[in-house]
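# Chain and residue survey
One letter stands for each residue in the lines below.
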Amino acid sequence: KATVLTGITTTGTPHLGNYVGAIRPAIAASKNDNVAPFYFLADYHALIKCQEPDRVRQSSREIAATWLALGLDTSNAVFYRQSDVPEILELTWILTCVTAKGLMNRAHAYKAAVAENEQGDEKDPDKGVTMGLFSYPILMAADILMFKADKVPVGRDQIQHIEMARDIAARFNHIYGEHFTLPEAVVEEHGATLLGLDGRKMSKSYNNTIPLFEPEKKLRKLINKIKTNSLEPGEPKDPDTCTLFSIYKAFATQAEVAEIRQRYADGIGWGEMKQVLFEYINEHIAPARERYEALMQAPDHIEQQLQEGARKARAISVPFLKDLREAVGISRIA
Ligand code: TYM
């Protein structure tokens, strides 16, 4: 069985980008009998970006409810909270000691923070960069390697981290023998980078997201806010540079996409296209949204699922970590 693993950082409300990039392919994979799915709430990752405890707590609840509302079958999938599996943090340290600092210097998130400092007149390029941010790919490698993931469904922004996890695993295996499986990123063709309200990548940090389970009225409002260029109705439009179309494409079937492409050529008006997009997404998510709203009122049920997941996860992580400690020379003397 192939192990498929992915996680979401608990810093905000799940958005359409998380859904098409990671959650949707992960749920689809979990329905395959030849897959062993591991899906988790990356709450230790959250501390890197967010120092508001209430927000982390609320986000954990929302993300957990989202997975369950979308039909994750927890009898097959191991669904857990990262912080309930403390072996991941122990593994993080072991991996930290085989990871070259130079590898971390090249990580996108760190480089972006430095670049931003350098663009301003900030003298210290590392201003505001915590060690958490700097070594974040190692924590992520531990998430992945702990459960010997073969495939990791993610959006394009995470590919580099999976490659780093491979590098770190290969380095460890080279020194201590074959313990880790080398993971591979799985990137959906259409969901690789979903665009947000302003046409940039949809991202919590850009404040341009459309929450997946936004109530109908608010969803309509947000879709109406998506930026478009100023062509008039009746003028032919280029779908391939249009945010509305790119989002539509991430949801609709090929035949539907072809039809809308034609309507662009015929000069569909933006108001009309926004209506098409709204109706499509709204219909697509309505049943899950109802389940989500009910689940958000049932925290005990969610918690129970997570506890059960943690139990299954630790049945694997505890013995594996014991082997790894032995491998690096940390064990009892007698
Ligand atoms: P996070 O929480 O930022 O995002 C969760 C998942 O959603 C994907 N995603 C997108 N996909 C397409 N278009 C977008 N606009 C978009 N925005 C986000 C992300 O690529 C990701 O797959 N470090 C990770 C969480 C993590 C993880 C892991 C993932 C921690 N440990 C181990 C996989 C394996 C993160 O911050 O994702």
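Remember, predicted model here, so these are calculated numbers, not experimental data.

In terms of helices and strands, the protein carries 14 helices and 5 strands. For the protein, whose C-alpha radius of gyration is 21 Å, the value lies close to the compact-globule estimate of 20 Å for 334 residues. Oriented by its inertia axes, the alpha-carbon framework of the protein measures out at about 80 × 50 × 35 Å. Across the 334 residues in the protein, those meeting the buried criterion constitute 40%. Partitioning the intrachain contacts of the protein with sequence separation of at least 6 by distance along the chain shows that 78% fall at a separation of at least 24.

Moving on, we come to the domain arrangement of the protein. As far as domains go, the protein holds domain 1 (2-99 + 135-194 + 298-328) and domain 2 (213-293). On the domain 2 side, the residues contacting the 8 residues of domain 1 number 7 residues. Among the elements that line the side of domain 1 that touches domain 2, the one with the most residues is helix 3 (residues 53-69), at 3 residues. Residues that form the side of domain 1 that touches domain 2 fall into these classes: 5 nonpolar, 3 polar and no charged.

Time to look at helix 14 (residues 299-328). The terminal C-alpha atoms of helix 14, which comprises 30 residues, lie 40 Å apart, in line with the 44 Å expected from a rise of 1.5 Å per residue. The largest bend along helix 14 measures about 30° and falls at R314. All of the buried residues along helix 14 are I302, L306, G309, A310, A313, S317 and L324. Within two residues after helix 14, G329 carries a phi angle of roughly 95°, on the positive side.

This part is about the site of the ligand. Lining the immediate surroundings of the ligand are 26 residues, of which T9, G17, G21, V154 and G155 lie closest. Every element with two or more residues in the shell around the ligand is listed here: strand 1 (2-9), helix 1 (16-30) and helix 8 (136-146). Taken together, the residues of the shell around the ligand break down into 11 nonpolar, 12 polar and 3 charged.

Okay, the pairing of strand 2 (residues 35-42) next. The two faces of the sheet receive side chains in turn, since in a regular strand these alternate between them. Most of strand 2 sits out of view: 6 of its 8 residues are buried. Each parallel crossover has a hand, and the one from strand 1 via helix 1 to strand 2 is right-handed.

Procedures and definitions
- Residues numbered from 1 in each chain as written.
- Predicted model: local features only at pLDDT ≥ 70, side-chain atom pairs only at ≥ 80, totals over all residues.
- Helix = DSSP H or I, 4+ residues; strand = E, 2+ residues; numbered from the N terminus.
- Rg over C-alpha atoms; globule rule 2.2 N^0.38 Å.
- Buried ≥ 20, exposed ≤ 12 C-beta atoms within 10 Å, placed from the backbone.
- Contact = placed C-beta atoms within 7 Å.
- Domains from an automatic or database assignment.
- Nonpolar A, V, L, I, M, F, W, Y, C, P; charged D, E, K, R; others polar.
- Expected span 1.5 Å × (residues − 1).
- Bend = angle between axes of the 7 residues up to and from the residue.
- Near = placed C-beta within 6 Å.
- Right-handed = clockwise from strand over helix to strand, strands pointing away.

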